[in-house]
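# A structural walkthrough
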Amino acid sequence: MVSVAQLVERTVRRTPFLDKALTDGIINYSALARIIRPQAEKELQKEVRENTIAVALRRLSARLQKSPILGRRVVVSLKMVTVVSGLWEFTYANSTTIIKCGEDLLGELTNFEKPFCTLSCGSFETTLLVSAEAKTIATRIFSGETLVSEFGNLVALAILLPKEAVKTPGVYYSILKTLAWEEINIIEVFSTFTEFILVLRENDLERAISLLREYLVSENV
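The present account deals with the structure reproduced in this document. Computed from a predicted model, the values in this text were never measured in an experiment.

All right, on to the packing of helix 3 (residues 29-44) against helix 4 (residues 50-64) then. It is the contact of helix 3 with helix 4, at a shortest axis distance of 8 Å, that shows an interaxial angle of 115°. For the pair helix 3 and helix 4, the sense of crossing is right-handed. For the pair helix 3 and helix 4, contact is made by Y29, L32, A33, R34, I36, R37 and A40 and by E50, I53, A54, L57, R58 and S61, respectively. Split by residue class, the contact of helix 3 with helix 4 holds eight nonpolar, one polar and four charged.

The next point concerns the environment of C101. Inspection of the secondary structure puts C101 in helix 5 (residues 98-109). Given a relative accessible area of 8%, C101 falls into the buried group. The sequence separation of C101 and L119 amounts to 18 residues, and the corresponding C-alpha distance is 11 Å. Other than its neighbours up to four places away in sequence, C101 contacts I141, F142 and E145.

Here T127 is to be found in strand 3 (residues 125-131). Reaching out from T127, the side chain makes a polar contact with the side chain of T91 at a distance of 3.0 Å. Discounting residues that sit within four places of it in the chain, T127 has contacts with E89, F90, T91, T118, L119, S120, E188 and F190.

When two helices pack together, their arrangement is given by the angle between their axes and by how far apart the axes lie. Across the interface, helix 1 (residues 4-13) lies against helix 4 with an axial gap of 9 Å and an inter-helix angle of 60°. It follows from the interaxial angle that helix 1 and helix 4 lie oblique. Pair helix 1 / helix 4 crosses with right-handed handedness. Contacts from V4, A5, V8, E9, V12 and R13 in helix 1 reach T52, I53, A56, L57, L60, R63 and L64 in helix 4. By residue class, the composition of the contact of helix 1 with helix 4 is nine nonpolar, one polar and three charged.

Inspection of every chain in the model, using the stated rule, returns four aromatic pairs. Seen from their ring centres, W88 and F90 are 6.4 Å apart, and the 15° between their planes marks the pair as stacked. You can call F90 buried: its relative accessible area is 1%. Three or more aromatic residues joined by ring pairs make a cluster, and in this case those are W88, F90, Y92 and F142. When the ring centre of W88 is taken as reference, the NZ or CZ atom of K135 above it lies at 3.6 Å.

Cut-offs and rules
Residues numbered from 1 in each chain as written. Predicted model: local features only at pLDDT ≥ 70, side-chain atom pairs only at ≥ 80, totals over all residues. Heavy atoms only, no water. Axes fitted to C-alpha atoms, helices over the stretch in contact; angles between N-to-C directions. Helix = DSSP H or I, 4+ residues; strand = E, 2+ residues; numbered from the N terminus. Left-handed = near helix turned anticlockwise from the far one by under 90°. Contact = heavy atoms within 4.5 Å. Nonpolar A, V, L, I, M, F, W, Y, C, P; charged D, E, K, R; others polar. Buried < 20%, exposed > 50% of the residue type's maximum accessible area, 1.4 Å probe, protein only. Polar contact = N/O pair within 3.5 Å; in protein donor to acceptor, adjacent residues only side chain to side chain. Parallel < 35°, antiparallel > 145°, perpendicular 65-115°, else oblique. Phe/Tyr/Trp six-rings, centres within 6.5 Å; stacked < 30°, edge-to-face > 60°. Lys NZ or Arg CZ within 6 Å of the ring centre and 35° of its normal.

So this is what it looks like as structure tokens:
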């Protein structure tokens, strides 16, 4: 049978940002207990005291404050954050020719000095992110494919992470959480072994950079 403590933790975990608010100590336990109580009684099918829920919240908060994920700040130099603007994103339905189109595009982009091209193939769709100068080439090569969506006026924030990040739980979460808290929408996410690329609207760039400047910890600190 589920205990009050387990139910409280499950409620917190499935509520966006509530775990962070508990970690920061900005939650009134009694007030939150009053909100949780009706659902707790419904699920447990018995009367639950608000004080019992408040105690469970207080204990959970203490545990969350020791979490290496919720409190983690990414150790990255701001010099390792690159901005690429003027990007276009195209998503196509997968087909028997989609891979060949990708190969043709990469072949033609070898003539560019510093081409920006990211190709991500899923089970049903393929997303292409290219710089403005490669847009015409991309649309020509993929003209026979089924276009699902198209976005322009995008920027990419490429964050170069230390190699240890691949073995560190919560690194991506900590960055995405910071932007989501400020309601900055992320159009797309790409990654390589040490590079984490966030695709945003151009009008969100300034705020995103400002937040990352506050959040990312310089390697020299």
